[in-house]
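This is what each chain is made of:
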Amino acid sequence: MKVLVINAGSSSLKYQFFNMSNESVLASGNVERIGMDSSIVTHYPVDKPEVREVSEILDHVTAVKRVAEMLTHPEFGTITHLNEIDAVGHRVVHGGEAFSSSVLVTQAVKDEIRRLFDLAPLHNPAHMMGITAVETTLPDVPQVVVFDTAFHQTMPNTSYLYPIPTVLYRRHKVRRYGFHGTSHSYVSDQAAEFLQKPLESLKMITCHIGNGASLAAILDGKSLDTSMGMTPLEGLMMGTRSGDLDPAIVPYVMNKEELTLSEVNSMLNKHSGMLAVSGISSDMREVTEAMNEGDKNAKLAFDMYTYRVKKYIGAYAAAMNGLDTLVFTAGVGENSVVFRQAVCEGISFLGVELDHARNAERRKDAREISTEGSRVKVLVVPTNEELLIARDTYRIVNQVKLQ
Ligand code: AMP
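Throughout what follows, the structure given in this document is the object of discussion. (Residues numbered from 1 in each chain as written. Predicted model: local features only at pLDDT ≥ 70, side-chain atom pairs only at ≥ 80, totals over all residues. Heavy atoms only, no water.)

## Some words on the overall build of the chain
Along its length, the chain carries 15 helices and 14 strands. At 22 Å, the chain has a C-alpha radius of gyration in line with the 22 Å of a compact globule built from 403 residues. Counting across all 403 residues of the chain, residues that qualify as buried make up 50%. Sequence-distant contacts in the chain: of pairs separated by 6 or more residues, those separated by 24 or more amount to 61%. Summing over all exposed atoms, the chain offers an accessible surface of approximately 18800 Å²; the carbon and sulfur share of this is 52%. The distance from the centre of the 39 positive side-chain charges to the centre of the 48 negative ones in the chain is 4 Å. (Helix = DSSP H or I, 4+ residues; strand = E, 2+ residues; numbered from the N terminus. Rg over C-alpha atoms; globule rule 2.2 N^0.38 Å. Buried < 20%, exposed > 50% of the residue type's maximum accessible area, 1.4 Å probe, protein only. Contact = heavy atoms within 4.5 Å. Areas by Shrake-Rupley, 256 points an atom, 1.4 Å probe, with all protein chains shown as cover. Lys, Arg positive; Asp, Glu negative; His and termini not counted. Charge placed at Lys NZ, Arg CZ, Asp CG, Glu CD.)

Below is the structure:
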């Protein structure tokens, strides 16, 4: 069975094409600048040279058609006919309270995703365009949706409610949802497999640290708490997002600087975080480089960034009354040796002891970076959200076939 995984954004569409008999990637690629002039399609077939073309792609239907043409192209394609695509899996950012797991796309599911547009106005409408485009191009292919929020639907109300008038929850569903759920779910499973222990037996904190960043406290195999909230702005300091701050700052700054709602929203989402504090970049590599060259603001940004991760680890260890396993993943978590070192330093009271030589190894596989004697196992586990989407799609489509 072959599964196409799609991550549709408002002006882009990323894809990976899997052969599920061995979970190998047959091809991947992306379509950028959809609806703008000079759209770019980049296609990476495995074992063949990359293909890049600039053309006019006005909408998502044309983008999906182009992807289908790439996959079946006589020269650089990987299949001969479109009927070799058995199923399509989509990443969907917001599943609200309606979805606690991945589901087959039906009319009712599409209606519910539409109802959630308000909660994720930048993402869910774009995902819907991807789903509709696949319906148009591959009308007989079953589709599955996998939600970033689903894994965190196990959070108890003590974690997900905000201490504000409850009418706001009842009327407008103002609550914490959490994001990066596909990644937290995937790496927690991989970590348990690596340790050869059932996930349910571990008190685990997963740290997804990339441009966006979040932590999850995983107890009894379920998400107990996570640092992102109603939107992906809450929690840790990120590349360009502020993370936690005193909410009273918002009206104060709006008043002092005469900012509109959309301006303050953009300030907190796009012009804050590491970018604002360093004054250099939102990219960890550039900030670390500047810090190593003696830039004081870059050092402050790095220190604030790591300090906040450390504080959340302490909070989640307390929330779970213990900690067995600490997992790092995503761009920064998988690659930055100095980041992991700064976070793990000074939390030996929790039982975390980093092995510096292991931490400095540059590897791409799941590995342990704590000492043999460390009570808490510290792991680096590469995330693979696309693979989890492909697995869920494969499982759900097969279940439906058996019914
Ligand atoms: P992601 O959003 O998961 O793609 O992660 C992007 C972040 O990972 C950026 O801040 C990058 O600077 C960071 N990153 C990627 N590779 C490295 C690396 N080798 N060392 C440090 N940071 C890295």
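## Considering the site of the ligand
Taken together, the neighbourhood of the ligand is formed by G210, N211, S282, D283, M284, R285, A330, G331, V332, N335 and S336. Between an oxygen atom of the ligand and a side-chain N or O atom of D283, the distance comes to 2.4 Å. Starting from 500 Å² of accessible surface for the ligand in isolation, the protein chains cover 70%. Elements with a minimum of two residues in the shell around the ligand: helix 10 (284-292) and helix 12 (330-335). (Near = heavy atom within 4 Å. Polar contact = N/O pair within 3.5 Å; in protein donor to acceptor, adjacent residues only side chain to side chain.)

## Details of the sheet that holds strand 14 (residues 377-380)
Where strands meet in a sheet, backbone hydrogen bonds hold them as pairs that are either parallel or antiparallel. As summarised here, the arrangement of the 6 strands in space is 11-10-9-12-14-13, forming an open sheet in which the pairing is mixed. At either margin of the open sheet sits one strand with a lone partner, and together these are strand 11 (222-226) and strand 13 (367-368). Across 2 bridges, the pairing between strand 13 and strand 14 is antiparallel. The residue of strand 14 that forms the bridge with E368 is L379. Contacts from helix 11 (residues 296-320) reach strand 9 (203-209), strand 10 (213-219), strand 11 and strand 12 (325-329), with the element oriented near 15° to strand 10. (Pairing = 2+ DSSP bridges. Axes fitted to C-alpha atoms, helices over the stretch in contact; angles between N-to-C directions.)

## Focus on unusual backbone geometry
Positive phi, close to 60°, is recorded for H180, a residue that is not glycine. Owing to a relative accessible area of 12%, H180 belongs among the buried residues under this scheme. The phi angle at D220 is positive, at roughly 55°, despite the residue not being glycine. Summarising the element assignment, D220 is placed in the loop between strand 10 and strand 11.

## Notes on the state of the cysteines
Throughout the structure, instances matching the rule amount to 0 disulfides. Free of any disulfide, C207 has its nearest neighbouring cysteine sulfur in C344, separated by 8.1 Å. The class of C207 is buried, set by a relative accessible area of 0%. C344 gets classed as buried once you look at its relative accessible area, which sits at 4%. (Disulfide = S-S within 2.5 Å.)

## Some points on the packing of helix 7 (residues 249-257) against helix 8 (residues 261-270)
A pair of packed helices is characterised by two quantities: the angle between their axes and the separation of those axes. Closest axis-to-axis distance for the helix 7/helix 8 pair is 10 Å, and the angle between their directions is 120°. When the interaxial angle is binned, helix 7 and helix 8 end up oblique. The chirality of how helix 7 crosses helix 8 is right-handed. Contacts between helix 7 and helix 8 pair V250, V253 and M254 from the former with L261, V264, M267 and L268 from the latter. Grouping the constituent residues of the contact of helix 7 with helix 8 by class yields 7 nonpolar, no polar and no charged. (Parallel < 35°, antiparallel > 145°, perpendicular 65-115°, else oblique. Left-handed = near helix turned anticlockwise from the far one by under 90°. Nonpolar A, V, L, I, M, F, W, Y, C, P; charged D, E, K, R; others polar.)

## Here we look at the packing of aromatic side chains
Applying the stated criterion to the full structure yields 5 aromatic pairs. Ring geometry for F99 and F147: centres 4.3 Å apart, planes at 10°, overall stacked. Of this pair, F99 sits in the loop between strand 6 (87-92) and strand 7 (103-104) while F147 sits in strand 8 (residues 143-147); the two residues are 48 residues apart in sequence, bridging distant segments of the chain. You'll find F99 and F147 in the same group, each marked buried. (Phe/Tyr/Trp six-rings, centres within 6.5 Å; stacked < 30°, edge-to-face > 60°.)

## Remarks on the nonpolar core
By size, the foremost hydrophobic cluster in this structure holds 44 residues, and its most contacted members are I209, L215, I313 and F339. Contributing elements (two or more residues each) for this core: strand 9, strand 10, helix 10, helix 11, strand 12, helix 13 (337-344) and strand 14. Considering every element that reaches this core, the biggest residue donor is helix 11, with 10 residues. Residues in contact with I313, not counting those within four places in the same chain, are I205, C207, L215, L323, L326, V343, I347 and L350. (Core = buried A, V, L, I, M, F, W, Y, C linked by side-chain atoms within 4.5 Å.)

## Regarding the sheet that holds strand 2 (residues 13-19)
Pairing within the open sheet is mixed, and its 8 strands lie in the order 5-4-3-2-1-6-8-7. Each edge of the open sheet is held by one strand with a lone partner, namely strand 5 (51-55) and strand 7. Bridging between strand 3 (residues 24-32) and strand 4 (residues 39-45) involves 6 bridges; their strand directions are antiparallel. Of the residues in strand 4, the one forming a bridge with G29 is H43. Against the sheet, helix 3 (residues 124-137) contacts strand 1 (2-8), strand 6 and strand 8, and its axis sits at roughly 170° relative to strand 6. Sheet strands in contact with helix 15 (residues 385-402) are strand 1, strand 2, strand 6, strand 7 and strand 8, and its direction is about 130° off that of strand 6.

## Some words on the pairing of strand 8
A large share of strand 8 lies buried, amounting to 5 of its 5 residues. The two faces of strand 8 match: Q143, V145 and F147 on one face and V144 and V146 on the other face are all buried. Where strand 6 meets strand 8, 5 bridges bridge the pair, whose relative direction is parallel. Residue pairing across strands places V88 opposite Q143, the latter belonging to strand 8. Pairing geometry for strand 7 and strand 8, over 2 bridges, is antiparallel. Note that in strand 8 the partner of V103 across the bridge is V145.

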